[in-house]
Structure formats: structure tokens, C-alpha cells
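# A look at the structure
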Amino acid sequence: YSQKLISDIKSVFKILTLFLLLPFFWALFDQQGSRWTFQATRMNGDIGFMEIKPDQMQLLNPLLILAFIPLFDYCVYPILSKIGIRRPLQKLTLGGILAGVAFLMSGFVELQLEKTYPVFPSPTESQMRIFNGVPCTFELQNFQGSAAQNQLEPMNIFKYSQAINGSNSKYVVFSTNTPGCETFSNDLKIASGRADSFFLYGNADSPQIKSYEDKVEKSKSGNPSTRVLANLNDVKEIRFVGDAGNTAKSVAPSAMDQFEILPATYHVYADDVKISSVDLQLGGVYTIVIGKSKDGEIQLKLHQITSPNTVHMCWLIPQYIVMTASEVFFSVTGLSFAYSQSPASMKSLLQASWLLTVAFGNVIVVIIAEAKFFESQAHEFFLFAVLMFIDMGLFALLAMRYTYVKISGDNNDVESLPIEENKRKTFT
């Protein structure tokens, strides 16, 4: 092998040593399209004249990049140069630190979002909900608490949560003093780690009960999840009609399946008869009970199972701004550094190695996500931030020992020149 090839390979190894710590930046950066988008599905995107979709938040990054590159060239870099931050590796370190700061911000946003998340039953606990579609008031016996707490009015809901110790049923007596209504009992089947719901339907003199496993988690799309419990025998369909008069969804009265629908205010019709209007908000989980009063009037009541998204999506903007600034410091500077510091025979190799750090960054995300160190997503964000700070600390130590090479045809050291000037002199 020629002496030049050996010298070139030695130069490449010095740079690849620095590259070993770069994948962790991409582990954070590429979560804009996964974790951060999923975070946006738990937020409210209503800005008055339009509804921001969760995946549309990713548009911020390229728009900010277009604005930040000239801003950094003419304002930020000259200011940093005056305080001694002018070398490429210094800017790479600063970019990595900003990525960690962005994840700290996303962690604090997630802590606020967790307040709106559903409460799931523990593995040894069961959640029970009973919806009353019969025009009778029942007193539920065999429950702890006063009789007033166990009253189940027409169209209302009764909630109960208990620890299960081997039993998988709850024997309940539905007693009533409502004229024309019959007292009855039922053995309600429940299971640990689940949310079981029951629907009272039929006539007042012969009420019956249906059961299903409730789904309290928010939809992955962020759209409201809705279920209709209808005690209507003479109605063919329940329709959800928008303000424009279009039918967004129609379901059979006997269907109890949960479905997703776009967030909006809908007019609910039983066949061609308007019952009422419901406001279904982004991220909410709802159950709509429809039944008839004693005088035959169709009634509707909307029950909120899981709170809708109340934290606005605009709270994501600061973390996107910081992450985009870190990308300008890190990605643009890193590509320039890899190209300018590599020998002519190794430029394509180092460019490929730079892209390989992106691939390994995604592998890191997969490993940490599958390991599931924390139940809380906020704690995972904080973990990524802390690991990023440690990673940049190690990178800074390696960068301090790195000796910049001189560009062919120039007597100046790369470290004394701005990145843009390096690129111009490299090509000339």
C-alpha cells in the first residue's frame, strides 16, 4: 500500500472516532416523526379557523430550516465567533446540547399531557360502568357507599372500581321504587385488568342488560372515539350530521361498537328525527346513551369516558424551534466538517459514515423503546435528554484532542475559518 493511502486511512480513523458519539443525536432528532407526532395526537390543534393535524406539526422543521440557515450565517455565527465558538466541533457540541434541551422541554409538556390520559385498571383491579337506557331509577345494591351514591338515574352512568381477589363476577340487585318499573338482579361478569361496561335496555317492566369490554384509551389518530348505546326498537339508524348537512357517520341502534369520527359538533338523528347535538373533541372518548322517556320522547346524553385533549398543540413549537436550531448547528456543520477534513480519496467514505450514524441513531431508539425502562413517556424523554448531555460531554473531550487538518492549496488551518469559507476554499 502506498504511503499516501496509509496516511489517508489514519486521518479517516481520527474522524471516525468522533463519529462514534454522533448517533445519539439522531436518536433524538428522528423522534420528531414518531414520539413527537404521537405526542401531538394527545393535544388540541384547534386554532379557530382550522384544525391542525398531529402529523402537520412536522412541517415546522423544514420551514424553520429555511429561515434559520441565513439567520445563522449572518447573525448567530458572527455573534458566537466573538465569544470564541467558531470551530466546527464546538458547534457540533452546542447542537447536541440543544437537542437535549429540546427533549427536556418535550418531557415537561408530556407531564402536562399525562393529566388528561385515561386511568387504566391495574392487573388486580377491575373498572365497572353501568349505563341506564331504561326510564327507571335504580338503586344498585351490593356496593359500598350510601344509597345516594348508588342511585342510577335514567340516561346516567354508574362508575365503580374494585380490586379482584379471585372473584370474576359481581352480583347486583337493581331495586327500584319507580312506578311501572320492575326490580331485577344480575350476575355481572368482570375481569381483572379490564374496564367492563354494562347497558340496561328493554322495557321498564322487563329490563335487560348487555355487557362489553370498554376501551378507555385515546385513539392513535387523535380523533374522538365514540360508542352509541341505544334503547330504540323502532329506529333503523342513528346518524351524525355535520353543520353542512352531510352525514358523517351512521350506526344501527343495536350496534355497540366503538368508532372514530372527526372532531366537530354533530346533530344526532334517529332516522329523520333530530334528537340533540353533541360536541366531540379531539382525543376524547365518549359513550352516547339514547333512550325514550316514559312519555315516548327520545332522549340523548353524552358521557365523557376519557377527557379530550386540553393542552394546545402550539406548546410543541418551542421544542421544534430548539431542535431545528440544534440541527443547523449539528447537521449542516457536521456535513461540512466531514467533507473538508477528509482526504480527497476518502470523502465519499466519510459522507457514507456520516449517514451511517443516522441509521445507528434509529437503532438506539428501537432498543430504548423496546426495553421500556419507564411507564411514563415523560421519564423516557428525560432519559434521552440526560444521555444526550453525557454523550456531548464525552464528545467535547474528544474534540479538544482533535487536530484540524489543512485544506489542500491553503496555508490556513481549518479551525481558524468559518464553515462557509472552508467550503468555498475546499471547492477552489
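Above this text is the structure in question.
Here's a quick rundown of the structure. For clarity, every value in this text was computed on a predicted model and none was experimentally measured. (Residues numbered from 1 in each chain as written. Predicted model: local features only at pLDDT ≥ 70, side-chain atom pairs only at ≥ 80, totals over all residues. Heavy atoms only, no water.)

In this section: the pairing of strand E8 (residues 206-213). Across eight bridges, the pairing between strand E7 (residues 194-203) and E8 is antiparallel. Across the sheet, Phe 199 pairs through a bridge with Lys 210, a residue of E8. Linking two consecutive strands that pair antiparallel, namely E7 and E8, is a turn of two residues. (Pairing = 2+ DSSP bridges. Helix = DSSP H or I, 4+ residues; strand = E, 2+ residues; numbered from the N terminus.)

Right, let's talk about the state of the cysteines for a bit. On inspection of all chains with the given rule, the structure shows one disulfide. Linked covalently through their sulfurs, Cys 136 and Cys 181 form a disulfide whose S-S length is 1.9 Å. Since a negative S-S torsion denotes a left-handed disulfide, the Cys 136-Cys 181 link at about -85 degrees is left-handed. Of this pair, Cys 136 sits in the loop between strand E1 (125-132) and strand E2 (138-141) while Cys 181 sits in the loop between strand E5 (169-175) and strand E6 (184-189), and the two are 45 residues apart along the sequence. (Disulfide = S-S within 2.5 Å.)

Now for a nonpolar patch on the surface. Taken together, the side chains of Val 386, Leu 387, Ile 390, Leu 394, Leu 397 and Met 400 present a nonpolar region at the surface, about 580 Å² in accessible area. Within the fold, Val 386 resides in helix H8 (residues 377-400). (Patch = residues over 30% accessible without salt bridge, like charges linked within 9 Å, V, L, I, M, F, W, Y side chains within 5 Å. Areas by Shrake-Rupley, 256 points an atom, 1.4 Å probe, with all protein chains shown as cover. Salt bridge = Lys/Arg side-chain N within 4 Å of Asp/Glu carboxyl O.)

Here the focus is the sheet that holds strand E14 (residues 273-280). As summarised here, the arrangement of the four strands in space is E11-E10-E13-E14, forming an open sheet in which the pairing is antiparallel. Strands at the two margins of the open sheet, each flanked by one partner only, are strand E11 (247-251) and E14. Across this sheet, the average inter-strand angle for adjacent strands is 25 degrees, counted without regard to direction. Here strand E10 (residues 238-241) pairs with strand E13 (residues 264-270) via four bridges, running antiparallel. In the sheet register, Ile 238 faces E13, and the bridge partner there is Ala 270. (Axes fitted to C-alpha atoms, helices over the stretch in contact; angles between N-to-C directions.)

The end-to-end C-alpha distance of H8 is 35 Å, a good match for the 34 Å that 24 residues give at a rise of 1.5 Å each. In this structure, the buried residues of H8 make contact with helix H1 (3-19), helix H2 (23-29), helix H3 (35-40), helix H5 (88-113), helix H6 (317-341) and helix H7 (347-371). With a side-chain oxygen positioned 3.2 Å from the backbone nitrogen of Ala 378, the residue opening H8 is Ser 376. (Expected span 1.5 Å × (residues − 1). Contact = heavy atoms within 4.5 Å. Polar contact = N/O pair within 3.5 Å; in protein donor to acceptor, adjacent residues only side chain to side chain.)

Take H1 next. Between the first and last C-alpha of H1 there are 25 Å, a value that for 17 residues agrees with the 24 Å anticipated at 1.5 Å per step. Within the span of H1, buried status applies to Asp 8, Val 12, Ile 15, Leu 18 and Phe 19. Angular distribution of buried residues about the axis of H1 spans 105 degrees; they occupy a single face of the element. Away from its buried face, by an angle of more than 90 degrees, H1 presents the exposed residues Gln 3, Lys 10, Phe 13 and Lys 14. (Buried < 20%, exposed > 50% of the residue type's maximum accessible area, 1.4 Å probe, protein only. Arc of directions from axis to C-beta.)

As a further point, take the packing of H5 against H8. Two elements in contact, H5 and H8, have axes separated by 8 Å at closest approach and are oriented at 170 degrees. Classified by the angle their axes make, H5 and H8 are roughly antiparallel. Considered class by class, the residues forming the contact of H5 with H8 number 19 nonpolar, six polar and one charged. (Parallel < 35°, antiparallel > 145°, perpendicular 65-115°, else oblique. Nonpolar A, V, L, I, M, F, W, Y, C, P; charged D, E, K, R; others polar.)

Our focus in this paragraph is the sheet that holds strand E9 (residues 225-230). Overall, mixed pairing links the four strands, which are arranged E12-E9-E15-E16 in an open sheet. Each edge of the open sheet is held by one strand with a lone partner, namely strand E12 (259-260) and strand E16 (298-306). In terms of strand pairing, E9 meets E12 through two bridges, oriented antiparallel. Within the sheet, the bridge partner assigned to Ser 225 lies in E12 and is Glu 260.

What you see with E10 is no split at all: Ile 238 and Phe 240 on one side and Arg 239 and Val 241 on the other are buried throughout. Pairing of E10 with E11, which is carried by four bridges, proceeds in the antiparallel orientation. Residue pairing in the sheet places Arg 239 in a bridge with Ser 250 of E11. Between the end of E10 and the start of E11, which pair antiparallel, lie five residues, with Gly 245 showing a positive phi angle near 95 degrees.

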